[in-house]
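Each chain is listed here by its residues.
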Amino acid sequence: MIRKEVYGAIDRLVSSSVHKEDLKLLLSLTEADEVNYLHAAACSVRNEFCKKRIALRALIEISSICTNSCRYCGLNRYNRDACRYSLTEEQILECVSYAADQGYRTVVLQSGEDNRDADSIANLIVSIKRSFPVAVTLSLGERTYEEYKEWRKTGADRYLLRIESTDELLYQSMHTDRTLSSRLKCLEDLQSLTYQTGSGIMVGFPGQTISTIADDIMFFNEKQFDMLGIGPFIPHPQTPFSGCDPGDLILTLNTLAVTRLVTRYPWMPSTTALGSLHGDHRIDGLMAGTNVIMPNFTPSHYKSQYEIYPDKQSETENEERLHLIAQKSSLSIDKGRCDSLLPRRL
Ligand code: SF4
């Protein structure tokens, strides 16, 4: 049975009337009928504003070296057991070529904050753009305004930088030597440089509450990001949070659904973390309003070494499996560029 207040909260969000109390109510749902109703409402908003499709992006993890020390991440610089690698430009171009041959029109270059020389990244972007008809998304962490500017000028289209939490204290508990304000500044820089910009959060991090998640969703609404990545917290054994519980699946799915209802247009991945939480829940993510899958094109030898959290889902997706996922979610596959759908961008 679905309570009247749940219908009311969803109706208000669908008509763009956003109140924190409604977000908190919907995030807290656990009863199956109400959860299913919320997720179905998110899917109809996605289908109306983004069409009934899954955008495929080719993910290439170009380096597992990191100078940062995010306390939840297996690649933080204090983890001496982490395997470190850095792909050469030639290796990266091979991965891009393989993805482009398979029809992918977006590549996502992701790495730890490895201090790779900014000019070498710029040269890499030029080489990719010269040889392949693909959009380039970067996910390389916090860098200076000048570096972001140089990469945008040489052809980078998009940038992903998750905020992880907009709550100052929670952010501090996640990071030892970075601040919320520097992350906000980077996001502002990226948007001002006209990158299609993505952000997002982890769900279930120790200390996080329904109220802080609701604040994060209000922040997404205010900033109008082009992409939003939301996945469950998964504890890594070589971090201070090793003994903690992972993020709750239903809360993660509710967060995706409420974010979709509020923000409407973003490309939202069913994240690898969602595919690695006691089984593969990426279809559940799609049934809660997501619309992106990022098959991993990192050379197989290195894939398992990019270990932000343990037991990461990293098997190579074959076409058959992707089509099965699409079919089960009543969506079609789109390997095109799938640029931002925000009205101000069109
Ligand atoms: S989350 Fe990214 S920046 Fe932070 S330690 Fe891990 S790889 Fe480095």
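Residues numbered from 1 in each chain as written. Predicted model: local features only at pLDDT ≥ 70, side-chain atom pairs only at ≥ 80, totals over all residues.

J.: Could you give an account of the site of the ligand, with specific residues and numbers?
T.: Surveying the vicinity of the ligand reveals the residues Cys-66, Asn-68, Cys-70, Cys-73, Leu-75, Asn-76, Gly-112, Glu-113, Gly-141 and Ile-308. When grouped by side-chain class, the residues that make up the shell around the ligand number five nonpolar, four polar and one charged. (Near = placed C-beta within 6 Å. Nonpolar A, V, L, I, M, F, W, Y, C, P; charged D, E, K, R; others polar.)

J.: Run through the environment of Pro-299, naming residues and quoting values.
T.: Assignment of secondary structure puts Pro-299 in the loop between β8 (292-293) and α12 (300-303). Judged by the 16 C-beta atoms lying within 10 Å of it, Pro-299 is partly exposed. Each C-alpha atom of the pair Pro-299 and Leu-87 lies 9.3 Å from the other, and the pair is 212 residues apart in sequence. Beyond its immediate sequence surroundings of up to four residues, Pro-299 is in contact with Gln-91 and Cys-95. (Helix = DSSP H or I, 4+ residues; strand = E, 2+ residues; numbered from the N terminus. Buried ≥ 20, exposed ≤ 12 C-beta atoms within 10 Å, placed from the backbone. Contact = placed C-beta atoms within 7 Å.)

J.: Got a sec to walk through helix α8 (residues 180-192)? Specific residues and values, please.
T.: Helix length check: α8, at 13 residues, gives a terminal C-alpha distance of 18 Å against a target of 18 Å (1.5 Å per residue), a fit within 8%. Along α8, the positions that sit buried rather than exposed are Arg-183, Cys-186, Leu-187, Asp-189 and Leu-190. The arc that holds the buried residues of α8, viewed along the axis, is 160°, so those residues lie on one side. Of the residues in α8, the exposed ones pointing more than 90 degrees away from the buried face are Ser-181 and Ser-192. Here the buried face of α8 lies against α6 (145-153), β5 (158-160) and β6 (196-203). One or two residues past the end of α8 sits Thr-194, with phi positive at roughly 65°. (Expected span 1.5 Å × (residues − 1). Arc of directions from axis to C-beta.)

J.: Summarise the pairing of strand β7 (residues 227-232); cite the residues concerned and give the values.
T.: Among the six residues in β7, six count as buried, and that is most of the element. The side-chain alternation of β7 yields two buried faces, one formed by Met-227, Gly-229 and Gly-231 and the other by Leu-228, Ile-230 and Pro-232. In this sheet, β7 lies alongside β6 in parallel orientation, the contact comprising six bridges. Within β7, the residue paired with Met-202 across the bridge is Gly-231. A crossover connection joins β6 to the parallel β7 through helix α9 (residues 210-223); in handedness this β-α-β unit is right-handed. (Pairing = 2+ DSSP bridges. Right-handed = clockwise from strand over helix to strand, strands pointing away.)

J.: Please give an account of the sheet that holds strand β2 (residues 58-63) that cites residues and values.
T.: Strand order across the open sheet formed by six strands is β2-β3-β4-β5-β6-β7, with parallel pairing between neighbours. Both edges of this open sheet fall to β2 and β7, since each of them pairs with a single strand only. Along the sheet, successive strands turn relative to each other by an average axial angle of 20°, direction set aside. Across two bridges, strand β4 (residues 135-139) lies against β5 in parallel orientation. Bridge pairing in β5 links Leu-138 to Tyr-159. (Axes fitted to C-alpha atoms, helices over the stretch in contact; angles between N-to-C directions.)

The values reported here are purely geometric and, on their own, carry no functional implication.
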